[in-house]
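Descriptive analysis of the structure
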Amino acid sequence: MTAPSMTTPAPDNVFAETVTEVEHYTDRLFRFRITRPASFRFRSGEFVMIGLPPRTEGDRPVFRAYSIASPSWDDTIEFYSIKVPDGPLTEHLQKIQPGDTIWMRKKPTGTLVLDALLPGKTLWMISTGTGFAPFASLVRDPEAYAKFEQIIVTHTCRNSDELTYSKTLINDVLNDPLVGEMADGRLHLVAATTQQDSPLMGRVTTMMDDGTLYEQLNRGPLDRADDRVMICGSMAMLKDVKDRVEAMGFVEGANSAPGDFVVERAFVD
Ligand code: A2P
């Protein structure tokens, strides 16, 4: 149990919320849900700082940026996390259980939001590892289907086990009473591994270069006229994907000036 041995009141800019659900996928990955404060508003795709209350006198809480994996309409808040051995936050966070307290700063932010993109026909969400988390939020948001005709999510991990969360989630979305009807025939997942045999293997950058990505989807290459792109993964992955879309003429967007693509790193590593 990670329950604090003392109870410290949360600072004014922090919500103290209760863990409601925890699911472990591998020894490196898990997801959890917490209660949602009534006053907490965010846009699907944003991130927020989370931490654990101090466990002993003088213990300073460690906060890390986490993408919110649940959509903006949901009653509880979901996060998808890596477990870093000796990571200042995740070494404790990976042990949380329902009933434990999580601290969450009150102000969400981020660029992987629909408002930061110009109108288009197809929305691409390109992710590796826990970079799938913000897309878990966006694919469950009806606004994404109102704004785009097609949504293509790519998720690349080292091993098949690491694809369980994304594969299960996309399948659940397609069968969901609220979003399923909108997503039917319009939401596509391209799931690939790089270090273990699976039906589709290779880095997304390699698949962009050799056209495998587009063959999987029976369509032509990315085109600035109709396609918009969101990218989330490690620093190296962001750079490599960004270089490719920029070479195709795509212009980076921000909340203040929407564009053709947006980038956010999967923070905790
Ligand atoms: P690879 O196994 O070839 O390194 P990680 O767990 O290290 O963040 O990696 C998650 C996934 O992202 C892995 O499949 C990894 O492939 C892939 N990856 C790592 N770096 C890049 C990159 N620069 N461009 C594209 N994919 C990458």
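Keep in mind that this is a model prediction, so the values were computed, not measured.

Parameters at a glance
- Residues numbered from 1 in each chain as written.
- Predicted model: local features only at pLDDT ≥ 70, side-chain atom pairs only at ≥ 80, totals over all residues.
- Heavy atoms only, no water.
- Near = heavy atom within 4 Å.
- Polar contact = N/O pair within 3.5 Å; in protein donor to acceptor, adjacent residues only side chain to side chain.
- Areas by Shrake-Rupley, 256 points an atom, 1.4 Å probe, with all protein chains shown as cover.
- 1 Å grid on protein atoms, 1.4 Å probe; cavity = no way out; pocket = protein on both sides within 12 Å on 5 of 7 lines; lining within 4 Å.
- Sits in = over half its atoms within 2 Å of the grid points.
- Helix = DSSP H or I, 4+ residues; strand = E, 2+ residues; numbered from the N terminus.
- Pairing = 2+ DSSP bridges.
- Axes fitted to C-alpha atoms, helices over the stretch in contact; angles between N-to-C directions.
- Contact = heavy atoms within 4.5 Å.

**Side note on the site of the ligand**
Around the ligand, a shell composed of Arg28, Thr128, Thr156, Cys157, Arg158, Thr194, Gln195, Arg203, Thr205, Ala236, Met237 and Asp240 is seen. At 2.6 Å from an oxygen atom of the ligand is found a side-chain nitrogen or oxygen belonging to Thr194. Residue Arg203 places a side-chain N or O atom 2.8 Å away from an oxygen atom belonging to the ligand. Considering the ligand on its own, with 560 Å² of exposed area, one finds that the protein chains cover 80% of that surface. Judged by the proximity of its atoms to the pocket grid, the ligand belongs to the largest pocket. Contributions of two or more residues to the shell around the ligand are made by β8 (150–157) and α8 (235–247). In terms of residue count, α8 provides more of the shell around the ligand than any other element does, 3 residues in total.

**Let's talk about the sheet that holds strand β11 (residues 261–265)**
Across the sheet, 5 strands lie side by side as β9-β8-β7-β10-β11; this open sheet has parallel pairing. Each edge of the open sheet is held by one strand with a lone partner, namely β9 (187–193) and β11. Averaged over all adjacent pairs, the angle separating strand axes in this sheet is 10°, with direction ignored. Relative to β8, strand β7 (residues 122–128) runs parallel, the two sharing 7 bridges. Among the inter-strand pairings, Thr128 is bridged to a residue of β8, identified as Thr156. Along the sheet, helix α4 (residues 164–174) contacts β8 and β9; its crossing angle with β9, the most-contacted strand, is approximately 165°. The strands touched by α8 within the sheet are β7, β10 (227–233) and β11, with β10 carrying the most contacts at an inclination of about 165°.

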